[in-house]
Amino acid sequence: MFDIIKHYDKVSPELVEKFSKFEESASIHESMGRKGAMGGKIHPVWPGSRICGVAMTVEARPGDNVIIHKAIDMLKPGDVLMIAYSGDTRTGGMWGGMMSASAQAKGAVGMITDGAVRDTMLMKELDFPVFSQAINVVGTTKAFKGTINHPVTMCGVTVRPGDLVFADNDDVVVVPKEIAQEVYDITLARELKEEKLLQRIKNHEGTTYDLSGFNKIVESLGLTEEPDEI
């Protein structure tokens, strides 16, 4: 197998566009049976950033980033560059401002890594979404091999090229391309249900405790409770 793969199946642009309308990553995660989330270990460099696109995967040697520059040159519009860095956060020079500008110019919609980054002020100026585990300015070498568009693991989640990636202020969620349509349908139904619940709460009809039926669960636990009036 080649170290650098160029041809692979992708989730459709139409489905990516539909996913981008969802309010939050939690709905997608819950709709996949509580799978696919990176567990809050990776955060947006600038709060409020959102990403929804197609995974392009890179595995780079910690402390080096030459393979990442090659990956940037291969980016297509709508791609999310997913950089697996073995969770190493010692070298923020792995990704910086010029790389963000280059990725944006190629049409990428964001970058997500389990490593560290730097040049965050330029990222903000560019309005290019970047998610990482850490921020620091330590530089990297440009000398070692890596792979592009092979399956990678980031924060315990497998990411394959062509999978759908959704990231927001809360988490990063990866949806396998084969089940993306099914997950979309379940998530849509869930968000519509939650919107109705939100309106009922705003109308003072109750809280999540009774409107969602959690009161029945608590009653079944046989808890003892102090009376309201003593």
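Our subject is the structure that appears above.
About the thresholds
Residues numbered from 1 in each chain as written. Predicted model: local features only at pLDDT ≥ 70, side-chain atom pairs only at ≥ 80, totals over all residues. Heavy atoms only, no water. Helix = DSSP H or I, 4+ residues; strand = E, 2+ residues; numbered from the N terminus. Buried < 20%, exposed > 50% of the residue type's maximum accessible area, 1.4 Å probe, protein only. Lys, Arg positive; Asp, Glu negative; His and termini not counted. Charge placed at Lys NZ, Arg CZ, Asp CG, Glu CD. Patch = residues over 30% accessible without salt bridge, like charges linked within 9 Å, V, L, I, M, F, W, Y side chains within 5 Å. Areas by Shrake-Rupley, 256 points an atom, 1.4 Å probe, with all protein chains shown as cover. Salt bridge = Lys/Arg side-chain N within 4 Å of Asp/Glu carboxyl O. Pairing = 2+ DSSP bridges. Expected span 1.5 Å × (residues − 1). Contact = heavy atoms within 4.5 Å. Phe/Tyr/Trp six-rings, centres within 6.5 Å; stacked < 30°, edge-to-face > 60°. Lys NZ or Arg CZ within 6 Å of the ring centre and 35° of its normal. Axes fitted to C-alpha atoms, helices over the stretch in contact; angles between N-to-C directions. Parallel < 35°, antiparallel > 145°, perpendicular 65-115°, else oblique. Left-handed = near helix turned anticlockwise from the far one by under 90°. Nonpolar A, V, L, I, M, F, W, Y, C, P; charged D, E, K, R; others polar. Core = buried A, V, L, I, M, F, W, Y, C linked by side-chain atoms within 4.5 Å. 1 Å grid on protein atoms, 1.4 Å probe; cavity = no way out; pocket = protein on both sides within 12 Å on 5 of 7 lines; lining within 4 Å. Points joined across faces, edges and corners; volume = space filled by probe spheres on them.

Asks: What am I meant to see in the overall build of the chain here?
Replies: Along the backbone of the chain there are eight helices and twelve strands. Over its C-alpha atoms, taken along the principal directions, the chain stretches across nearly 75 × 40 × 35 Å. The buried share of the chain, reckoned over its 230 residues, is 43%. The chain carries 25 positive and 33 negative side-chain charges, and their two centres are separated by 9 Å.

Asks: Any chance you could explain a negative patch on the surface here in plain terms?
Replies: Together, Glu 225, Glu 226, Asp 228 and Glu 229 make up a negatively charged patch on the protein surface. Tracing the backbone through its elements, the reader meets Glu 226 in the segment after α8 (214–220).

Asks: Is there a simple way to explain the pairing of strand β11 (residues 164–167) in this structure?
Replies: Within a regular strand, the side chains alternate between the two sheet faces. The alternating pattern of β11 places Leu 164 and Phe 166 on one face and Val 165 and Ala 167 on the opposite face, and all of these are buried. One ladder, built from four bridges, connects β11 with strand β12 (residues 172–175); its direction is antiparallel. Paired with Val 165 across the bridge in β12 is Val 174. The turn joining β11 and β12, which pair antiparallel and follow one another in sequence, is formed by four residues.

Asks: Even after reading the chapter, I still don't get helix α6 (residues 180–202), so can you show me in this structure?
Replies: Given 3.6 residues per helical turn, the α-helix brings residues three or four places apart onto the same face. Here α6 spans 32 Å end to end across 23 residues, near enough to the 33 Å set by a 1.5 Å rise per residue. Every buried residue of α6 is accounted for by Ala 180, Val 183, Tyr 184, Thr 187 and Glu 191. Buried positions along α6 lie against α1 (13–19), α2 (25–31) and β12. Remark: His 204 follows α6 within two positions and exhibits a positive phi of approximately 60 degrees.

Asks: How do you make sense of the packing of aromatic side chains when you look at a structure like this?
Replies: Any pair of aromatic rings gets described here by the distance separating the centres and the angle formed by the planes. Applying the stated criterion across every chain yields a total of three aromatic pairs. Between Phe 19 and Phe 22, the aromatic rings sit 5.5 Å apart at their centres with planes inclined by 90 degrees, giving edge-to-face as the arrangement. Relative accessible area serves as the criterion here: at 0%, Phe 19 is assigned to the buried category. Site record: aromatic cluster; members linked through ring pairs are Phe 19, Phe 22 and Tyr 184. The ring centre of Trp 46 lies 4.5 Å from the NZ or CZ of Lys 124, which sits over that ring.

Asks: Can you walk me through the packing of helix α3 (residues 66–74) against helix α4 (residues 97–105) in this structure?
Replies: Packed helix pairs are specified by the crossing angle of their axes together with the interaxial distance, meaning the distance between the axes. One can describe the packing of α3 onto α4 by two numbers: an axis separation of 8 Å at closest approach and a directional angle of 25 degrees. When the axes of α3 and α4 are compared, the pair comes out roughly parallel. Where α3 crosses over α4, the handedness of that crossing is left-handed. Residue-level inspection shows Ile 68, His 69 and Ile 72 of α3 in contact with α4, the latter providing Met 99, Ser 102 and Ala 103. Looking at side-chain class alone, the contact of α3 with α4 contains four nonpolar, two polar and no charged residues.

Asks: I keep staring at the nonpolar core and nothing clicks. Help me out?
Replies: For soluble globular proteins, the rule of thumb is that nonpolar side chains tend to be buried together. In terms of nonpolar packing, the biggest core is built from 24 residues, with Ile 68, Leu 81, Ile 83, Trp 95, Met 111 and Val 130 touching the most fellow members. Among the elements that take part in this core, α3 stands out by supplying five residues, more than any other. The next biggest cluster of nonpolar side chains, apart from the first, holds 17 residues, and it includes Ile 42, Val 80, Met 154 and Val 174.

Asks: Any chance you could explain a nonpolar patch on the surface here in plain terms?
Replies: Where nonpolar side chains cluster on the molecular surface, the patch consists of Tyr 209, Phe 214, Ile 217, Leu 221 and Leu 223 and spans about 530 Å² of accessible area. Looking at the secondary structure, you find Leu 223 in the segment after α8.

Asks: Hey, could you run me through unusual backbone geometry in this one?
Replies: Unusually for a residue other than glycine, Arg 34 sits at a positive phi of about 60 degrees. Mapped onto the elements, Arg 34 comes out in the loop between α2 and β1 (43–44). On the basis of relative accessible area, Arg 34 is assigned to the exposed category, the value being 63%.

Asks: Mind showing me how you'd approach a positive patch on the surface here?
Replies: Judged by side-chain charge, Lys 6, Lys 70, Lys 76 and Lys 106 come together as a positively charged surface patch. Residue position: Lys 6 is located in the segment before α1. Overall, the relative accessible area of 58% leaves Lys 6 in the exposed class.

Asks: What should I look at first to understand the layout of surface pockets in this one?
Replies: When its volume is computed, the largest pocket comes out at roughly 270 Å³. Secondary structure elements with two or more residues in the lining of the largest pocket: α6 and α7 (208–211). Sort the elements by how many residues they give to the lining of the largest pocket and α6 lands first, with six residues. When the residues that make up the lining of the largest pocket are grouped by side-chain class, the tally is three nonpolar, two polar and five charged.

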